[in-house]
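Coordinate inspection notes
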Amino acid sequence: MQRVGSGLDVHAFADGVPLWLGGIQIPHERGLAGHSDGDAAIHALIDALLGAAGRGDIGEWFPSSDDRWRDARSTDMLRRVWTELTADDWHLDNVDLTLVASEPRLAPFRYQMRLALADVLGCSIGQVSLKATTTDGLGALGRAEGILAMATVLLWRED
């Protein structure tokens, strides 16, 4: 059986926090606001994985009302979800991530993000695609107010 999942997350920029995206820290004067480390890329990926497996969403697994997840690393959250899904015999075919941001320029960090995500998921870097784009100045993202991430995954397991 094969199942497709999609996820979307957006976070506003915030002063005084590091910018975590795709499992790595990116040099920038602002980070992303969030209950955890604000890593919108991983949050979208978690939702895509959970959606494909029919296991709810990130808010159910890691509610912002639960202080255990305050300032948590999103890679730890992803590892927890993926451990549960693999225990249920799910296998990853591929991940496709798209990041939308006017700043910072993300292209120089694509390989490092792919590598970090592949490491957490225990897969090859070839199974993780990551693209970065802008809105050409349109809207809140065009004004560099935050970052949006979209993820699609294909999971499979034997019936």
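Before any of the text, the structure's been laid out above.
Residues numbered from 1 in each chain as written. Predicted model: local features only at pLDDT ≥ 70, side-chain atom pairs only at ≥ 80, totals over all residues. Heavy atoms only, no water.

This paragraph deals with the packing of aromatic side chains. Within this structure, the stated rule accounts for two aromatic pairs. Taken together, a centroid distance of 6.4 Å and an interplanar angle of 45° make the contact between Trp61 and Phe62 tilted. When the centroid spacing of 4.7 Å and the interplanar angle of 85° are considered together, the rings of Phe62 and Trp69 count as edge-to-face. Exposure class is identical for Phe62 and Trp69. Each is buried. What links up through ring pairs into an aromatic cluster is the set Trp61, Phe62 and Trp69. Of note, Arg73 hangs over the ring of Trp20, and the distance from its end group to the ring centre comes to 3.6 Å. (Phe/Tyr/Trp six-rings, centres within 6.5 Å; stacked < 30°, edge-to-face > 60°. Buried < 20%, exposed > 50% of the residue type's maximum accessible area, 1.4 Å probe, protein only. Lys NZ or Arg CZ within 6 Å of the ring centre and 35° of its normal.)

Moving on, we get to the pattern of salt bridges. Two side chains of opposite charge can pair, provided their charged atoms sit close to one another. Across all of its chains, the model carries 10 salt bridges by this definition. Note that Asp88 is salt-bridged to Arg157, the shortest N-O span being 3.2 Å. Of this pair, Asp88 sits in the loop between helix H3 (74–87) and strand E5 (91–100) while Arg157 is found in the segment after strand E7 (146–156), placing the two residues 69 residues apart along the sequence. For Asp88, a relative accessible area of 32% translates into the label partly exposed. Taking relative accessible area as the criterion, Arg157 reaches 21% and is therefore assigned partly exposed. A single network of salt bridges, built from pairs that share partners, joins Arg55, Glu84, Asp88 and Arg157. (Salt bridge = Lys/Arg side-chain N within 4 Å of Asp/Glu carboxyl O. Helix = DSSP H or I, 4+ residues; strand = E, 2+ residues; numbered from the N terminus.)

What follows deals with the sheet that holds E5. The five strands are arranged E4-E1-E7-E5-E6 in an open sheet whose pairing can be described as mixed. Every interior strand has two partners, whereas the edge strands, strand E4 (30–32) and strand E6 (128–133), have only one. Across the sheet, the mean angle from the axis of one strand to that of its neighbour is 20°, orientation sign disregarded. Relative to E7, strand E1 (residues 2–15) is paired through 11 bridges, and the arrangement is antiparallel. By the bridge assignment, Asp9 is partnered in E7 with Ala149. With respect to the sheet, helix H1 (residues 40–53) is in contact with E1, E4, E5 and E7, its orientation differing from that of E1 by roughly 155°. Lying over the sheet, helix H4 (residues 110–121) contacts E5 and E6, oriented at roughly 145° with respect to E6. (Pairing = 2+ DSSP bridges. Axes fitted to C-alpha atoms, helices over the stretch in contact; angles between N-to-C directions. Contact = heavy atoms within 4.5 Å.)

Quick look at the pairing of E6 now. Looking along a regular strand, one sees the side chains alternate between the two faces of the sheet. In this sheet, E6 lies alongside E5 in parallel orientation, the contact comprising six bridges. Bridged to Leu99 within E6 is Ala132. The β-α-β motif built from E5, the intervening H4 and the parallel element E6 has right-handed crossover chirality. (Right-handed = clockwise from strand over helix to strand, strands pointing away.)

Further remarks concern the side chain of Asp39. Tracing the chain through its elements places Asp39 in the loop between E4 and H1. Lacking a salt bridge, the buried Asp39 has Arg73 as its closest oppositely charged neighbour, with an N-O distance of 5.8 Å. Among the polar contacts listed, one links the side chain of Asp39 to the backbone nitrogen of Ile42, at a separation of 3.1 Å. Non-local contacts of Asp39, meaning those with residues more than four positions away in its chain, are made with Trp20, Leu21, Gly22, Gly23 and Ser74. (Lys, Arg positive; Asp, Glu negative; His and termini not counted. Polar contact = N/O pair within 3.5 Å; in protein donor to acceptor, adjacent residues only side chain to side chain.)

Moving on, we get to H1. When the terminal C-alpha atoms of H1 are compared, their 20 Å separation across 14 residues agrees well with the 20 Å that a helix rising 1.5 Å per residue should span. For H1, the tally of buried residues reaches 13 of 14 residues, placing the bulk of the element in the interior. Where H1 begins, the side chain of Asp39 points an oxygen toward the backbone nitrogen of Ala41, at a separation of 3.2 Å. Backbone geometry just after H1 places Gly54 at a positive phi near 65°. (Expected span 1.5 Å × (residues − 1).)

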